Amino acid sequence: MKMDGLQRVLDLLNFLREKDIEYSIDQEAPDSLTVKFSLIGVRVEADFDVDMMHFSVFKGSEAVETDEKVLHDLVKEQSSK
């Protein structure tokens, strides 16, 4: 049985709420919603459209940086301008 797209989003949001995990919802494409949340050392983006759900997991360091040059270099490296 095919699950309704909205129901899949609501199920995930309810699950995150039960686990006391904060999330945000964005509309990055005209035909889908993205649920973003973070766990220790992991950031997750789950995209939902009418037919399917897929997600990306971004793992990285939790280290705290104090050198502003590192921040500026990171932004420069990742930006198109």
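Scroll up for the structure.
Criteria and thresholds
- Residues numbered from 1 in each chain as written.
- Predicted model: local features only at pLDDT ≥ 70, side-chain atom pairs only at ≥ 80, totals over all residues.
- Heavy atoms only, no water.
- Helix = DSSP H or I, 4+ residues; strand = E, 2+ residues; numbered from the N terminus.
- Rg over C-alpha atoms; globule rule 2.2 N^0.38 Å.
- Buried < 20%, exposed > 50% of the residue type's maximum accessible area, 1.4 Å probe, protein only.
- Contact = heavy atoms within 4.5 Å.
- Areas by Shrake-Rupley, 256 points an atom, 1.4 Å probe, with all protein chains shown as cover.
- Lys, Arg positive; Asp, Glu negative; His and termini not counted.
- Charge placed at Lys NZ, Arg CZ, Asp CG, Glu CD.
- Phe/Tyr/Trp six-rings, centres within 6.5 Å; stacked < 30°, edge-to-face > 60°.
- Lys NZ or Arg CZ within 6 Å of the ring centre and 35° of its normal.

Asks: What's the story with the overall build of the chain in this structure? I'm lost.
Replies: Each helix and strand counted, the chain has 2 helices and 4 strands in total. Going from N to C terminus, the chain has its helices and strands arranged as α-β-β-β-β-α. Relative to a compact globule of 81 residues, whose C-alpha radius of gyration would be 12 Å, the chain shows 16 Å and is clearly more extended. Structurally, the chain occupies a C-alpha span of about 50 × 30 × 15 Å along its principal axes. Residues classed as buried in the chain amount to 22% of the 81 residues present. Put simply, 15% of the contacts in the chain that link residues at least 6 apart link residues at least 24 apart. Roughly 6800 Å² of accessible area belongs to the chain as shown, and the carbon and sulfur atoms make up 57% of that amount. Of the side-chain charges in the chain, 10 are positive and 18 negative, and the distance between the mean point of each set is 2 Å.

Asks: Can you walk me through the packing of aromatic side chains in this structure?
Replies: In this description, a pair of aromatic rings is defined by centroid distance and the angle of the planes. Under the defined criterion, the tally for this structure stands at 0 aromatic pairs. One residue, Arg-43, lies across the ring of Phe-58, its end atom 4.2 Å from the ring centre.

Asks: Where do I start with unusual backbone geometry in this structure?
Replies: Peptide bonds are, in most cases, trans, and in most cases residues other than glycine have a negative phi. We note that Asp-20 has phi near 55°; this positive angle belongs to a residue other than glycine. Mapping Asp-20 onto the fold places it in the loop between α1 (5-18) and β1 (23-29). On the basis of relative accessibility, which here comes to 70%, the residue Asp-20 falls in the exposed class.

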